[in-house]
Amino acid sequence: WFQALSLLPGAALEFPASISKETRARVHETAQSFSLESLSQGVGAGRFLRIFARVAGVDPNALSKDERKAVDRLLGWCQEAGGGLANTSRGEAAEMFCERRLDPRLAEVKARHERASVLVEAIRQSDLQEVERL
């Protein structure tokens, strides 16, 4: 059934919280061998396992904490850029982040924020030459 699941994009299978940690680990390994995604969710006795076929999009919930923060920054920049970007979904922002592809308007907003961060750091360090350069 792992092989069948790999042929059904968007399909998912959940394993109950009652399976052991060792069994979850073996299922993760087996899923990976069939090019399936696997994700343990929950805490303690409520932890369960979900495996699913890879799809073209990116699951924002499968990102690390730092990656989710970066996606949140992208969403904020989309709001700042306005226009059609203001309606960008979290999934779309996650795809942009993971694929390292930004709309040109969003790239401009990102560059402005990066310059501002460099400027703030130069001011903090009293680097007047860098402040003047920026």
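Scroll up for the structure.
Worth saying up front: this structure is predicted, and the values here are computed from it rather than measured.

Our next topic: the pattern of salt bridges. Overall, the coordinates contain five salt bridges when judged by the stated rule. Among the charged side chains, a network of salt bridges with common partners joins Glu80, Glu108 and Arg112.

Spanning 21 residues, helix α5 (residues 104-124) covers 30 Å between terminal C-alpha atoms, matching the ideal 30 Å at 1.5 Å per step. Taken as a whole, α5 has its buried residues at Leu106, Val109 and Ala122.

Our focus in this paragraph is helix α3 (residues 65-81). In this model α3 runs 24 Å from its N-terminal to its C-terminal C-alpha over 17 residues, within 8% of the 24 Å that 1.5 Å per residue would give. Here α3 has its buried residues at Ala70, Val71, Leu74, Leu75, Trp77 and Cys78. End-on, the buried residues of α3 take up no more than an arc of 160°, which puts them together on one face. Looking at α3, the residues exposed on the side facing more than 90 degrees away from the buried face are Lys65 and Asp66. Backbone geometry just downstream of α3 places glycine 82 in the positive-phi region, at approximately 70°.

On the surface, a cluster of positive charge is made up of Lys65, Arg68, Lys69 and Arg73. With respect to the helices and strands, arginine 68 occurs in helix α3.

Rules and cut-offs
Residues numbered from 1 in each chain as written. Predicted model: local features only at pLDDT ≥ 70, side-chain atom pairs only at ≥ 80, totals over all residues. Heavy atoms only, no water. Salt bridge = Lys/Arg side-chain N within 4 Å of Asp/Glu carboxyl O. Helix = DSSP H or I, 4+ residues; strand = E, 2+ residues; numbered from the N terminus. Expected span 1.5 Å × (residues − 1). Buried < 20%, exposed > 50% of the residue type's maximum accessible area, 1.4 Å probe, protein only. Arc of directions from axis to C-beta. Patch = residues over 30% accessible without salt bridge, like charges linked within 9 Å, V, L, I, M, F, W, Y side chains within 5 Å. Areas by Shrake-Rupley, 256 points an atom, 1.4 Å probe, with all protein chains shown as cover. Lys, Arg positive; Asp, Glu negative; His and termini not counted. Charge placed at Lys NZ, Arg CZ, Asp CG, Glu CD.

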